[in-house]
Amino acid sequence: NNSADNVAQYGYPYAIDSMAGSDGNDVVTNIEGGTIQSNYSPLGVRPNSADKKVVANITGGNIKGRIDFQMLSSTPVFGELNISGGSFDKYGIKNYVLLVFGAGEGTDASGMKANITGGTFNAGFSFSTALPIGSNFNKKFISGGEFSFDPSEYLADGYFATQKDGKYVVYKAVAAIGETMYKSIEDAIEAVGTSATITVLCDAEMAAKTIAAGKEI
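Residues numbered from 1 in each chain as written. Predicted model: local features only at pLDDT ≥ 70, side-chain atom pairs only at ≥ 80, totals over all residues. Heavy atoms only, no water.

## Regarding the pairing of strand S6 (residues 53-58)
Two faces make up the sheet, and in a regular strand the side chains alternate between them. Heads up, the rule is: Criterion used throughout: strands pair if DSSP finds at least two bridges between them. Helix numbers and strand numbers start at the N terminus; a helix is a DSSP run of H or I with at least 4 residues, a strand a run of E with at least 2.
As defined by bridge partners, strand S3 (residues 27-31) adjoins S6 across 5 bridges and the pair is classed as parallel. Looking across to S6, one finds that Ile-31 is bridged to Ile-58. Sheet analysis places S6 next to strand S9 (residues 78-83), joined by 6 bridges and oriented parallel. Across the sheet, Lys-53 pairs through a bridge with Phe-78, a residue of S9.

Quick look at the structure:
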């Protein structure tokens, strides 16, 4: 667990390396604050067991360098990378902040689960071609956060990214006009020129709103 202290590793390989040991317990790393930094990788989440989970939960802090989410076996293992907060910056030898890799496209990666619901990501992601993750790994794992790059290829169903103040911000799609999605029914109404059909995509509430004269919805 890391809540306030700083952890730095200037060589190889990891500032924090999370793997299952021989004690029979799951391994859970919780990062809530502080700065974790490495020229190689500040955090390795590397599941290596079929009966013990390796889990990392990041809710805050500054992660400087790439996170390695690595399947260490050609047989099924269980690992989770859950990010709901914090900031992520490139540092050291790589220009991205998350690397996903495994033991080949034909391996079963269904036990490897990434979930990003928040956080600020100031560099991109990478998937290894030399050591690819199994093809059944779910790459649609983003449902929130701010990104310096367009994260659309990683968005979970029902979410979209829009540019705001130089970053891409991810929202749940509540309404749509054609192929354009909006985070609220109010936003969709505001976007209507003279006439449009608004499709409500999920259960949603809105305050009473006066629709300007001349708009047909």
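## Regarding the sheet that holds strand S8 (residues 67-70)
Put simply, the rule is: Here an angle of 0 to 180 degrees is reported between the N-to-C directions of two axes, which are lines fitted to C-alpha atoms, with helices fitted over the stretch in contact.
Judged by pairing direction, the sheet is parallel, and its 5 strands sit side by side in the order S2-S5-S8-S11-S14 without closing on themselves. Since the sheet does not close on itself, it has two edges, and those belong to strand S2 (14-18) and strand S14 (124-127), each with one partner. Neighbour to neighbour, the strand axes of the sheet diverge by 15 degrees on average, direction disregarded. Where S8 and strand S11 (residues 96-101) come together, 4 bridges link them in parallel fashion. If you follow Ile-67 over to S11, its bridge partner there is Leu-98.

## Quick notes on the packing of aromatic side chains
Keep this limit in mind: Under the pairing criterion, centres of Phe, Tyr and Trp rings, with the six-membered ring standing for Trp, must be within 6.5 Å; the plane angle then separates stacked pairs below 30 degrees from edge-to-face pairs above 60, leaving the rest tilted.
As enumerated under the stated definition, the model contains 15 aromatic pairs in all. Both rings, one in Phe-160 and one in Tyr-171, keep their centres 6.0 Å apart while their planes meet at 40 degrees; by these two values the pair is tilted. Of this pair, Phe-160 sits in strand S16 (residues 159-164) while Tyr-171 is found in strand S17 (residues 167-172), placing the two residues 11 residues apart along the sequence. Ring-pair connections join several aromatic residues into one group, and the members of that group are Phe-69, Phe-88, Phe-121, Phe-125, Phe-127, Phe-137, Phe-141, Phe-147, Phe-149 and Tyr-154.

## A word on the environment of Ala-191
Counted only if it meets this: Contacts were defined at the residue level, with two residues in contact if any of their heavy atoms lie within 4.5 Å.
Structurally, the position occupied by Ala-191 is in helix H1 (residues 185-191). The residues touching Ala-191, leaving out its near neighbours within four places in the chain, are Ile-177 and Tyr-182.

## Some points on the sheet that holds strand S20 (residues 199-200)
On the basis of which strands lie adjacent, the open sheet formed by 3 strands has the order S19-S18-S20 and antiparallel pairing. Strands at the two margins of the open sheet, each flanked by one partner only, are strand S19 (180-182) and S20. Taken together, the 2 bridges between strand S18 (residues 175-177) and S20 define a ladder with antiparallel strand orientation. When the bridges of S20 are listed, Ala-175 appears paired with Val-200.

## Digging into the nonpolar core
What counts is decided by this rule: Nine residue types can take part in a nonpolar core, namely buried Ala, Val, Leu, Ile, Met, Phe, Trp, Tyr and Cys, and a core is a set of them joined through side-chain atoms within 4.5 Å. The rule is simple: take the accessible area with a 1.4 Å probe, protein chains only, and divide by the maximum for that residue type; under 20% is buried, over 50% is exposed, in between is partly exposed.
Of all hydrophobic cores here, the largest spans 39 residues; its most connected members are Phe-125, Phe-137 and Phe-141. Setting aside anything within four residues of it in sequence, one finds Phe-137 in contact with Phe-69, Val-100, Ala-109, Met-112, Lys-113, Ala-114 and Phe-127. By size, the runner-up hydrophobic cluster in this structure holds 10 residues, among which are Tyr-182, Ile-185, Ala-188 and Ile-198.

## Structural notes on the side chain of Ser-128
For the record, the criterion: As used in this structure description, the phrase polar contact means that two N or O atoms lie within 3.5 Å; if the pair is within protein, one of them must be able to donate a hydrogen and the other to accept it, and residues adjacent in sequence are counted only when both atoms belong to side chains.
Its location among the elements puts Ser-128 in the loop between S14 and strand S15 (146-147). There is a polar contact of 3.3 Å between the side chain of Ser-128 and the backbone nitrogen of Ala-130. Within polar-contact distance, the side chain of Ser-128 engages the backbone nitrogen of Leu-131 at 2.9 Å.

## Remarks on the side chain of Thr-107
Assignment of secondary structure puts Thr-107 in the loop between S11 and strand S12 (112-116). Reaching out from Thr-107, the side chain makes a polar contact with the backbone oxygen of Gly-104 at a distance of 2.6 Å.

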